[in-house]
Structures are given as C-alpha cells and as structure tokens.
Amino acid sequence: MTVRAKQFTPEVLLSAPRRSAAVPNTDGRLALFTVSTYSFQSHSKTSEIRLLDIKTGQTHLLCSELGASEPTWLGEKNLVLWLKGGEKGTTELVLADAENLDKKPETVQTFNGSVSNLKVTRIDADNIALALTGLATPSGTLYNSETAEKPRSTGRVYSKLFVRQWDAYVTENKSSIWYTTLTKFPGASSMTVAPLKNALAGHKVSLESPVPPFGGASDFDISKNGIVFVAKDPKLDPANHTKTDLYYIPLRTFTEPQAPSPMITKTGALKGYSSSPVFSPDASSVAFARMRSDQYESDKPRLLLLPDITDLSNVQEFYETKDGGGQWDLRPEAIVWSKDGTELYVTAEENGRGKLFKLPSSPRHAIDLPTAIINDGTVTDVRVLPDSSLFVSSNSLVDNSVYSIVNPSKRSDLTTVSSYSKGGKTFGLSQHQVEEFWYKGAEDYNVHAWVMKPSFFKKGEKYPLAYLIHGGPQGAWNEGWSTRWNPAIFAEQGYVVVTPNPTGSTGYGMDFQNGIKNNWGGRPYLDLVKGFEYIESNLDYVDTSRAVALGASYGGYMVNWIQGHPLGRKFKALVTHDGVFSTLNQYSSEELFFPHHDFGGTLWENRENYEKWDPTAHLKEWATPHLIIHNELDYRLPIAEGLAPFNVLQTKGIPSKFLTFPDENHWVLKPENSLVWHREVLGWINKYSGISKEQDDLASSVSGVTI
C-alpha cells in the first residue's frame, strides 16, 4: 500500500527522505545507500545507512547515527566501512559486517581532522588501500578546525586571488588527498589502519585537490597502481583561468612514507578544466575529460583516454576533428568502465534529459557516436554488476529516487528495483502531468520547454502560468528532481508551469549553448518572448493574463532584464533570486573568467558590451510587483546585487519585498530556511496571480458546509 500525500507542498518536498545513489557489493546481491530526513515537527534531522536487497527491493537498517556517512564496500566478504564525525573535530573510520547486523560496528581508526570522499582498492590478499580528502595545514598536517590555534585578530590580508570563493574566505589551509592501508593480519579478528599520509605534501610544486569549491570524489581515483587526480595549475591566477591538469602519483603499496612527485598528463591544445579521471578495471589505463578553453567554465569536455598509465604523453581523444570542435556535440560528465574494460558508460545532457550513453573504450574503435541506453529522467550514478549489467540511480520530475538495472546491450531491458515515491504516487504526482513542446526561437532554430500541469488538472479549465527561467546561464531545465526549484511545487499550487531552455542552455549542441556569448539580454530574451507567445497561441488551458515569472542567478538577471522590457508588462508578479542587478558589477564576483568569457573581455577592454546588457539601463521601465531574494553568504553575486534593485523598487513605489538569509549562499539549503523561502515565494506569486483569492474562497466555501 502506498501512503499518498494529500498535497505536494513545500513541507512534503523538504521532509521527504533523501536517498543517495546505491552502491552494489561485489556479488551484486546487496547495495549500500544513505537516507536523510528532516522533521518540521521535531526540527531535527535523522540519517541512516541502509542495505538494499537488490533481488527483492527490501531494505534493512545498518546504522542510524547522525554523523555516519559514505558507506563503502571493503571488498572483503560483505564488510563495510563508513565515516563518522567524532569528538573534538576528529573523524572515525567504522567497520561493520553487512551480513551480521547483530555484530556491533567497530571503530578501526580515528583521524585527527575532518576527512571525506572515502575510496578503497585491494592491493593484495591482506592489504586494502584507502584514500580520503581533507584540508591540510601549510605544514602538510591534517587540519582540525576545533583544535587549531585561534588567531587573536580577525584581520585578513591578501596579495593574490582568490580572496573568497562561493561562500567562504580563502585560508592558508588547502584541500589534499590522503592515503593509508587497512591490513588484516593472519589469525587476527580485527583490522589495522595505518596513519594517514598526505599525497600532495613535500613536493616542489604545491597542488590542491579536490578543486574548490565543488570538487569531491570525482576529482580523483585510486587503483593498485596509485592515484590520479585533477588540480589547478599553480602557476596561473585561479580567478582568471579554469586550467586544471591531470596528475598521476605511482604508489605500489600505499605505505610509502613520502609519495612520489605528481607527474602531469600532457593534453596538447586542451587547456581547460580536467575532470572525472577513472582507472580501467586492470588499472593500466585512465579515462577522463578535458575542456579546450582555459577561460570558459562551460566549454565542452572532450573524452580522453590515457592507454598506458606509465606513458603520460600518449593521450588519445574520442571523436576528434581537425577543427578541434569534436564530432560528438554533447558534454560528457561521469565516466564508468565496463567490467571487461571494452566499453565506457558516460552520462550527458541531451534535450532536457540526463541520459546514459555507451561507446567503445578505445578512440580507435569509437567510429559511431555514443549510443543512448537510458533516454528518460536524469541518471545520477552508474555501477557495473557481476553479470555486466548496470545498476543505475536516477530521478525524474515526479520521482526523487529510482534504482534500476539495465542491460547495456538491450536498451529496452530495464528493471526497476526500487522507486522511493512509487513513480510519484507517494507525492500525489504522476508522469501524466509532464509534457514538453518545441517552438521556433528568435532565429532559425527551435527551443525546447517542459510543461508541468497540476495533478488536479481538468480539461476545459484555465490555469495561470508560472514561467521559470533557469540559471547558469549555461544550464538547463532537465527531467530531474530538485529540492530547490521543483516545478511540481508550483504546479500543485494551481499553475501550469513552463520551463523553457532558451539560447545558452546545455544539452542542445554547442552552437546553441555558445549563442549566449556577448548576447545575455539578446537571443535568450527573444526566445523567452517567443515562448510566451507560443503559450498564448497554442496552450488554451493556460491563462497568460495571470502569468508570473521567476528566476535565479542568470535566471534572476533575466527577470531583472524582463522587468525593464515589454515582456515584463505581461506578468502580474516577478521573483528574482540572487540575480545580477548590474553587469558592470561583475568584478565584485570571484570567478572572473566567467564574465571575461561571456562578455567578450575585461570591463576596460569591452565596457560597451557589459553596458549593452545591463538591466540598470532600463530602470525607468520597471513597473511590475517584484520580490527580491538575496543571501549574505553569496560571494558569487554579493548581496548588493539584491539590495540595489529593492532600493529601486521601493523608491519608485512599486510593490516589492526583500528576503535575505544571513547563513545561506547562492542557494537556500537549510530546511527551515527553505520552508520560509517557499512560503514567501508562493505567497507573493499567489497574491498577484489570484490563486490566493481562489484558495481563500475555497476555504470559505468548505468552512460553510454543514453536515
């Protein structure tokens, strides 16, 4: 029996259990995953590590300690390792037996600091290599925030960039990769873990990995032959260059007291971001991706193969073309090797979906373009099972977590192992609510948009439009779940939600994506105008006279731009979340390579282009009621970008509100804050679209009914 929510509200969204990707064991019978849940009744979070029986879909509790995370199969029978926050800033490494749940888990080592991104690989019959990441002090030791000496002054002095990044000021402590071994001695019942060693300390070149602020487990990999990882070029200013290189540290025992010096991989003309290095099953080769430009963070990653880890000069590119553009026009992300090493499985966006593709693992054999083996939803994780089938974690617009098995040789052969929301039923949602359409854009191309209707949609009735504009700008609305901008939340209020992917969106080819360069308020704005006109002419169930528009980041910029242009008069209310108020303020941000690319140079070299697309040039036209949201820890777009438009709106006498969170960054992540965010946003748009009145009228009519 499925317990169904009466209505999919912000409370339901934010309190729904959040499952991680599931990781199968070596025999493919069990899978590990975590679940976190927030209760608005107790105002507290719970966290669990659970075991999934892949055959039956049933789950069992392994651990319910709040600080436990990152369960990892040890590769020894069904033993499991996980990390747990300890006392005084330490991290405990815990060992448990997944097939003996009555046996109490054992702490096998305590690390004197915060570590994460646990990875393991077997070295020999008695030794297993472990790698983790954590901050290192200038002396190379593991940083512990609770025991570190506190400075007597709060002053900070900088002589180079970054000063701050994303939501924190840069300090002298740097991300690093640490390694050790777990050893089982003959006849012993327990295992011993050696002290951690800093793989990046003691070298002539100072490297940092994972790469801040979002680098994690995908920035490195380990095997019996050592560690591969990506790191920024230390010779370049990180605020003005994206260049990250792939390095290799050969380790044979993972007991080496000093790691050999990292060796750089040579990739010719490709000088941008490197990403997703993954060892082959036999540890002899590495697949990874790299961009060409070192100033374009959203450039197309090229799939690359290092056939022989001992020859870092021999790098082969998949689908290489003479003009450097590459034959495959999508942007590969995660990379997984097949069990026998003959194929690669790669995720990439295409036409509003996060698809899974397969291709031969050698560029010489990759003649045909990759074949999509999962076409719907968004694939978030892929693992290879013993029979060479794939265990896939994914989600969709109505389901927040799905585990399934797919045969890569037969695309139609897909079996659902577990769906948290039973295909949306738990939330009162259905795939029938989801549609899509294409329309002619500003020039000779088509634009894609998703549509989400209310679950109570009735043919012949009209519903106000919620027009959602995505950020990036190199991003897209995909067929995937979100706890921050979830179209279903707006649909269940009574809107028809349309999420267009205009010029600049990813997953529709690089020409379409790159069309936004030097054109922020040009083609994308006209695409949105065309989309609105298409809705007016073709979706007779949409009441565009009661439309509202919302956007965050670049989407917030576009809402500010719309406010000063004719499309702004089509909406009853607008919402800008952490958006750009003035393009002339881009130098208050941190990653300067971004405006340098998108606006065609520096502010002093190309001021005309920055001014051309500046929303503040059109303040005279602002007239629509407008909610502004901006957070104090947003260093990507500092809070002045939110205060300034609110000052303008108030001074002009335009109905307006300002919402801020002092403890949130570019995103609102804390459940209690997110609930306030949703209530304020929905309250604002519902007031001006007339939905609030409809809800009040319905409540009054119901309260007047006597039985």
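Reading the values: rules and limits
Residues numbered from 1 in each chain as written. Predicted model: local features only at pLDDT ≥ 70, side-chain atom pairs only at ≥ 80, totals over all residues. Heavy atoms only, no water. Pairing = 2+ DSSP bridges. Helix = DSSP H or I, 4+ residues; strand = E, 2+ residues; numbered from the N terminus. Axes fitted to C-alpha atoms, helices over the stretch in contact; angles between N-to-C directions. Contact = heavy atoms within 4.5 Å. Expected span 1.5 Å × (residues − 1). Buried < 20%, exposed > 50% of the residue type's maximum accessible area, 1.4 Å probe, protein only. Arc of directions from axis to C-beta. Core = buried A, V, L, I, M, F, W, Y, C linked by side-chain atoms within 4.5 Å. Salt bridge = Lys/Arg side-chain N within 4 Å of Asp/Glu carboxyl O.

K.L.:
Would you mind going over the sheet that holds strand 39 (residues 626-629) with me for this structure?
P.N.:
One key point about sheets: their strands pair by backbone hydrogen bonds, in either a parallel or an antiparallel sense. Pairing in this open sheet of eight strands is mixed, and the strands run 33-34-36-35-37-38-39-40 from one edge to the other. Here the strands that pair on one side only, and so sit at the sheet edges, are strand 33 (434-440) and strand 40 (656-659). The sheet shows a mean angle of 20 degrees between the axes of neighbouring strands, direction not considered. Strand direction decides the pairing type here: strand 39 and strand 40, joined by four bridges, are parallel. Paired with Ile628 across the bridge in strand 40 is Phe658. Contacting strand 35 (463-469), strand 37 (542-552), strand 38 (573-577), strand 39 and strand 40, helix 9 (residues 671-689) crosses the sheet at an angle of about 160 degrees to strand 38.

K.L.:
Any chance you could explain the sheet that holds strand 20 (residues 263-264) here in plain terms?
P.N.:
With antiparallel pairing, four strands are arranged side by side in an open sheet as 17-18-19-20. Where the open sheet ends on each side, the last strands, each with one partner, are strand 17 (220-223) and strand 20. Of the pairings in the sheet, the one linking strand 17 to strand 18 (residues 226-232) comprises four bridges and is antiparallel in character. Its bridge partner lying in strand 18, Ser223 is registered against Gly226.

K.L.:
Looking at this structure, I do not really get helix 8 (residues 640-651). What am I missing?
P.N.:
Every α-helix winds through 3.6 residues per turn, so residues three or four apart in the chain are directed the same way. Over its 12 residues, helix 8 runs 16 Å from end to end, which matches the ideal 16 Å to within 8%, given 1.5 Å per residue. Every buried residue belonging to helix 8 is among Glu641, Gly642, Pro645, Phe646, Val648 and Leu649, and all of these are buried. Buried residues of helix 8 fall within an arc of 155 degrees about the axis and therefore sit on the same side. Those residues of helix 8 hidden inside the fold are in contact with helix 5 (554-563), strand 39 and strand 40. Downstream of helix 8 by one or two residues, Gly653 has phi in the positive range, about 75 degrees.

K.L.:
Looking at this model, I keep getting lost on the nonpolar core. Mind explaining?
P.N.:
Considering soluble globular proteins, one finds that nonpolar side chains tend to be buried as a cluster. Counting 43 residues, the largest nonpolar core has Tyr467, Val498, Trp520, Met558 and Phe571 as the members making the most contacts within it. Contributing elements (two or more residues each) for this core: strand 33, strand 34 (446-452), strand 35, strand 36 (496-501), helix 4 (523-538), strand 37, helix 5 and helix 6 (593-598). For this core, the element with the most residues is helix 5, which contributes six residues. If sequence neighbours within four positions are ignored, Phe571 has contacts with Tyr467, Phe532, Ala547, Val548, Ala549, Ile562 and Thr624. Ranked by size, the runner-up nonpolar core spans 41 residues in total, among them Phe40, Ala573, Leu675 and Val681.

K.L.:
What is the right way to read the pattern of salt bridges from this model?
P.N.:
Pairing of side chains with opposite charge becomes possible as their charged atoms draw close. This structure, assessed with the given rule, holds 29 salt bridges. For Asp376, the salt bridge is made with Arg353, and the minimal N-O distance between the two is 3.9 Å. Remark: Arg353 occurs in strand 27 (residues 353-360) and Asp376 occurs in the loop between strand 28 (371-374) and strand 29 (378-384); sequence separation between them is 23 residues. Taking the relative accessible area as the measure of exposure, Asp376 reaches 52% and is therefore exposed. A residue is classified by how much of its surface remains accessible, and Arg353, at 13% relative accessible area, is buried. Here Arg353 ties to Glu479 by a salt bridge, and the two come within 3.7 Å at their closest N and O atoms. Here Arg353 is found in strand 27, whereas its partner Glu479 is found in the loop between strand 35 and helix 2 (487-491), with 126 residues between them in sequence. Taking the relative accessible area as the measure of exposure, Glu479 reaches 5% and is therefore buried. Each of Asp233, Lys235, Lys243, Asp245 and Arg290 takes part in one network of salt bridges that share partners.

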